Amino acid sequence: MPVLTRLIPSPVVVDIRPGALDDLAGVLADERISHSGRLAVAVSGGSGARLRERIASTLPGATWYEVGGGTLDDAIRLAGEMKGGRYDAVVGLGGGKIIDCAKFAAARVGLPLVAVPTNLAHDGLCSPVATLDNDAGRGSYGVPNPIAAVVDLDVIREAPARFVRAGIGDAVSNINAIADWELANRINGEKIDGLAAAMARQAGEAVLRHPGGIGDNDFLQVLAEALVLTGVAMSISGDSRPASGSCHEINHAFDLLFPKRAASHGEQCGLGAAFATYLRGAHEEAVYMASVLRRHGLPVLPEEIGFTVDEFVRVVEFAPETRPGRYTILEHLDLKTDQIKDIYADYVKAIGS
């Protein structure tokens, strides 16, 4: 009997809607998540702490842990504090740093993770990766993807607008990442997981083509779903390929070359995606992508996040060194300094200042 299907690692519960946080206790009571009600809840000192006051009474069996930041040391410390607590699951309640710490800690102690984000800054809320600062800068650590994701759109609307806009840049960059993956397939024969690519591309296109904005619940629903689907796509492929191409190489180069000046992950990925799309010759698509990013208040020029043209040229030239072995339009073109300057000047003319 041939195997006709495959198992897909994905959350057992995805609840995205206004007011979802009010039903968190019901989600956690699902016996696939917690049969005893004993939970370890990791929160930040900011938005997570405020929400703790709101929902603590509905989770009488929970132990609350305040996480100081988003470093590897923070995550290891959290795992050490939770060890021996006989919990059913870990809940990460807060921004991306808190959820990544909770992901890593949950994996370290062998517990499932429930992600409850308070903003939509990037696609890590449901991905099998924890990004944590370490002594060498920043590292990505493989972890199981969350067993559940609960996104309260009312909570998201209260987040700083810049954090929500950043998620738009990260989601839209999927389109460029898939184009890079297809390029690697054509040139090097790199295998593409068609399902993962389809999910990631359609997630990006849904955000790119939606006429709404961050003050619109319908748009926030689409954005949150896109970020969840992107995380699942990475689980399916077993790596970050569906969501990480030249756009993310440019982002990593900003972070490594200018660690104290870098903008948010999603802002840099969106800018990188628009420029990389132009690099591959898809000029109309690049202009459209840049126009949508601008409509949402996201940067499309390095000057808009405090970098000079020369600094951006340095970033693009250095970017391929950030992901050895990954083939994108940057590796394919192998551009030198003067070539990057010339193409960047054309890009600026095309999208308008």
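Rules and cut-offs
Residues numbered from 1 in each chain as written. Predicted model: local features only at pLDDT ≥ 70, side-chain atom pairs only at ≥ 80, totals over all residues. Heavy atoms only, no water. Salt bridge = Lys/Arg side-chain N within 4 Å of Asp/Glu carboxyl O. Helix = DSSP H or I, 4+ residues; strand = E, 2+ residues; numbered from the N terminus. Buried < 20%, exposed > 50% of the residue type's maximum accessible area, 1.4 Å probe, protein only. UniProt positions renumbered as here; feature names shortened; annotations may be inferred. Contact = heavy atoms within 4.5 Å. Polar contact = N/O pair within 3.5 Å; in protein donor to acceptor, adjacent residues only side chain to side chain. Core = buried A, V, L, I, M, F, W, Y, C linked by side-chain atoms within 4.5 Å.

By the naming in an unreviewed UniProt entry, the chain goes by Glycerol dehydrogenase and is assigned to Streptomyces brasiliensis.

Chemist: Give a detailed account of the pattern of salt bridges, specifying residues and quantitative values.
Modeler: Considering all chains together, one arrives at 16 salt bridges under this definition. Residues Lys103 and Asp100 are paired through a salt bridge, measuring 3.7 Å at the closest nitrogen-oxygen approach. Taken as a pair, Lys103 and Asp100 lie in helix 4 (residues 96-109) at a separation of three residues, close to a single helical turn. Owing to a relative accessible area of 4%, Asp100 belongs among the buried residues under this scheme. For Arg280, the salt bridge goes to Asp180, with nearest N and O atoms at 2.8 Å. Taken as a pair, Arg280 in the loop between helix 10 (265-279) and helix 11 (283-295) and Asp180 in helix 6 (residues 161-188) lie far apart in primary sequence, 100 residues in all.

Chemist: Now, about the UniProt feature "binding site: glycerol" (unreviewed entry) in the chain: what can you tell me, with residues and values included?
Modeler: As recorded in UniProt, the feature "binding site: glycerol" (unreviewed entry) lies at Asp123, Asp170, His248 and His265. Annotated residues spanning 143 residues; largest pairwise C-alpha distance 12.3 Å, indicating a single compact cluster. As for its position among the elements, Asp170 is in helix 6. Residues within four places of Asp170 in sequence aside, it is in contact with His122, Asp123, His248, His265, Gly266 and Cys269. Within the structure, Asp170 has its side chain in polar contact with the backbone nitrogen of Asp123 (distance 3.0 Å). Structurally, His248 can be placed in helix 9 (residues 246-257). Other than its neighbours up to four places away in sequence, His248 contacts Asp170, Ser173, Ala243, His265 and Cys269. Side-chain polar atoms of His248 contact the side chain of Asp170, separated by 3.3 Å.

Chemist: So what about the nonpolar core? Which residues, and what values?
Modeler: Within the largest apolar cluster, 63 residues are counted, with the highest numbers of intra-cluster contacts made by Leu120, Val207, Leu223, Ile250 and Tyr347. With eight residues, the single largest contributor to this core is helix 8 (residues 217-237). In this view, Ile250 contacts Gly272, Phe275, Phe312, Val315, Val316, Ala319 and Leu330; residues no more than four positions away in its chain are not counted.

Chemist: Break down the side chain of Ser235 for me, citing the residues and quoting the values.
Modeler: For Ser235, the location among the structural elements is in helix 8. The residues touching Ser235, leaving out its near neighbours within four places in the chain, are Pro9, Pro128 and Asn145.

Chemist: Give me the lowdown on the UniProt feature "binding site: NAD(+)" (unreviewed entry) in the chain, citing residues and values where you can.
Modeler: Mapped onto this structure's residue numbering, the UniProt feature "binding site: NAD(+)" (unreviewed entry) falls at Gly96, Lys97, Ile98, Ile99, Asp100 and Ser127. Sequence-wise these annotated residues cover 32 residues; spatially they are packed, their C-alpha atoms never more than 13.9 Å apart. In this structure Ile99 touches Gly92, Gly94, Ala115, Val116 and Pro117, once residues within four positions along its chain are discounted. Topologically, Ser127 is positioned in the loop between strand 5 (113-117) and strand 6 (129-134). By relative accessible area, Ser127 is classed as buried at 3%. With near-sequence residues (within four places) excluded, Ser127 lies in contact with Lys103, Asn145, Pro146, Gly231 and Met234.

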